[in-house]
Amino acid sequence: MEQLQINQMLEEKGYIDEPIDPKMKLVEEIKRLKEEKNAVILSHFYVDGDLQDIADYVGDSLGLAQAAANTEAELIVFVGVHFMAETAKIINPNKKVILPDLKASCSLAESAPADKFAEFKVQYPDHKVITYINATAALKTMTDIVCTSANAKQIVESFPKEQKLIFAPDKNLGGYINSITGREMVLWDGACMVHEQYSVEKIIDLMDKNPEAEFIAHPECEKPVLLLAKHIGSTTALLNYVKKSEAKKFIVATESGILHQMTKACPDKIFIPAPSADSTCACNDCSYMKLNSLQKLYTCLKHELPEVTLPEDVIEKARIPIQRMLEISK
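Just so we're clear, the structure is a prediction, and the values are computed from it rather than from any experiment.

Structural notes on the pairing of strand β3 (residues 75-79)
Remember that side chains alternate between the two faces of the sheet whenever the strand is regular. Across the five residues that make up β3, a large majority, five, are buried. Residues L75, V77 and V79 of β3 are buried on one face, and the alternating residues I76 and F78, pointing to the opposite face, are buried as well. In the sheet, strand β1 (residues 39-44) pairs with β3 via five bridges, with the strands oriented parallel. Among the inter-strand pairings, V40 is bridged to a residue of β3, identified as I76. In this region the chain leaves β3, passes through helix α5 (residues 82-91) and returns to the parallel neighbour strand β4 (residues 96-98); the handedness of that crossover is right-handed.

The structure is reproduced here in structure tokens:
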């Protein structure tokens, strides 16, 4: 295929859309290309199971950042969303980072435009900024330290109690961390569309119908949902919890992709996705994560496109708060 055609496809769709031989064994071809190009495939828990199964590493944002920092591969293929690929590029400025679909964005990252946040930050000149990793590279350049849901409490408590803090962009995670640390961080008004869709009434009804089930939730959920939870934690923490729990049934309030790993780890247990307010949509699925597919992964690897690039000054400024997080989280 001509490079001009490829560029046009990327511009129009955000991914390479070329005909694939239906007889092709995509998984085998992806593995072949990976070895040929000395590539590593990093996948988030929220993409489809077939993509998780082909990855070299599957994890949450903290684990993926650590994996990106430690890889010796020349080419990083990020099967997730754009801010994750940006983070990998920031950590590895001299390596090529590619993403199967450039339009795989994040509603939480989108909720905090860098220009608006800059105006917001000016109002609190004596505050340090903690930015949740689910944010754009531009926002990270205005940050003192990055955190993930797995280490947010640890990161917040690394600051003296008298230090005033801003937490962005997730108000739900920030509010939860305030509640368990006794802090009064100023919160940016952002949220994840998936974790804000859950219906408290429907969850209670589901719990009543399944009294033996334990309800577990991600801290990006709203406070009324979290108040119902037996356990609250990052995606990895939720996975570890179901492995150790003696319960045989769980109602899970986070993106449904994690159920693949839960079922693999605990085939004798039952996992029910928490219901959303709108029963007509697959609101437990992140539409951005689901833009990833085996076909896009194959063409992405084949052409080493689309590539995620960032200006050098952005990489330099954003790397500092990410490295601080990685050092604290060792």
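After that view, the rundown keeps rolling.
Quick notes on unusual backbone geometry
Looking along the chain, the bond that leaves A168 and enters P169 is cis, with omega of -5°. Assignment of secondary structure puts P169 in the loop between β7 (165-168) and α10 (171-181). Notably, N38 is not glycine yet its phi reads approximately 50°, a positive angle. For N38, a relative accessible area of 34% translates into the label partly exposed. A positive phi angle, near 55°, is found at E304, a position not held by glycine.

Comments concerning the pattern of salt bridges
Under the defined criterion, the tally for this structure stands at 18 salt bridges. Linking K264 and D53 is a salt bridge whose minimum nitrogen-to-oxygen distance equals 2.9 Å. Pair noted here: K264 is in helix α14 (residues 258-265) and D53 is in helix α3 (residues 49-54), with a separation of 211 residues, a long-range link. The class of D53 is partly exposed, set by a relative accessible area of 45%. Notably, a salt bridge pairs K230 with E214, separated by 3.3 Å at the nearest N-O pair. Taken as a pair, K230 in the loop between α12 (223-226) and β10 (231-232) and E214 in strand β9 (residues 214-217) lie far apart in primary sequence, 16 residues in all. What you see here is one network of salt bridges that share partners, running through E29, R32 and E36.

Here's the deal with the sheet that holds β3
Remark on secondary structure: sheet strands pair via backbone hydrogen bonds, oriented parallel or antiparallel. Strands sit in the order β2-β1-β3-β4 across an open sheet of four strands; the sheet is parallel. Of all strands in the sheet, those with a lone pairing partner are β2 (57-59) and β4, marking the two edges. Going from strand to strand, the sheet's axes swing by 20° on average, the running direction of each strand aside. Against the sheet, helix α15 (residues 294-303) engages β1, β3 and β4, with an angle of about 160° to β3.

Notes on the sheet that holds β10
Across the sheet, four strands lie side by side as β10-β9-β11-β12; this open sheet has parallel pairing. Edge strands, defined here as strands with exactly one partner in the open sheet, are β10 and β12 (270-273). Across four bridges, β9 lies against strand β11 (residues 249-253) in parallel orientation. Directly across from I216, in β11, lies its bridge partner V252. Helix α13 (residues 235-244) rests against β9, β10, β11 and β12 of the sheet, and its axis sits at about 160° to β9.

Considerations on the layout of surface pockets
Considered as a void within the structure, the largest pocket measures approximately 190 Å³ in volume. In terms of lining residues, the largest pocket is bounded by 14 residues, among which S149, A150, N151, K153 and S234 are the most central. Among the secondary structure elements, those contributing two or more residues to the lining of the largest pocket are α9 (152-157) and α10. There is about 160 Å³ of room inside the second largest pocket. Lining the second largest pocket, in full, are N172, G175, Y176, S179, C221, K223, L226, L227 and I232. Of the residues forming the lining of the second largest pocket, the biggest block, four residues, is contributed by α10. Classifying every residue of the lining of the second largest pocket gives five nonpolar, three polar and one charged.

Observations regarding empty space enclosed by the protein
In total, this model carries two cavities of 30 Å³ or more according to the counting rule given. In this structure, the largest cavity is lined by 29 residues; those nearest its centre are H44, Y46, N134, E220 and M289. Secondary structure elements with two or more residues in the lining of the largest cavity: α4 (61-70), α5 and α6 (107-110). By residue class, the composition of the lining of the largest cavity is 15 nonpolar, 11 polar and three charged. Roughly 50 Å³ of internal volume is contained in the second largest cavity. In this structure, the second largest cavity is lined by S61, L64, A65, A68, F78, F83, M84, T87, A88 and I133. Its residues placed into classes, the lining of the second largest cavity shows eight nonpolar, two polar and no charged.

What counts, and where the lines are drawn
- Residues numbered from 1 in each chain as written.
- Predicted model: local features only at pLDDT ≥ 70, side-chain atom pairs only at ≥ 80, totals over all residues.
- Heavy atoms only, no water.
- Buried < 20%, exposed > 50% of the residue type's maximum accessible area, 1.4 Å probe, protein only.
- Helix = DSSP H or I, 4+ residues; strand = E, 2+ residues; numbered from the N terminus.
- Pairing = 2+ DSSP bridges.
- Right-handed = clockwise from strand over helix to strand, strands pointing away.
- Salt bridge = Lys/Arg side-chain N within 4 Å of Asp/Glu carboxyl O.
- Axes fitted to C-alpha atoms, helices over the stretch in contact; angles between N-to-C directions.
- Contact = heavy atoms within 4.5 Å.
- 1 Å grid on protein atoms, 1.4 Å probe; cavity = no way out; pocket = protein on both sides within 12 Å on 5 of 7 lines; lining within 4 Å.
- Points joined across faces, edges and corners; volume = space filled by probe spheres on them.
- Nonpolar A, V, L, I, M, F, W, Y, C, P; charged D, E, K, R; others polar.

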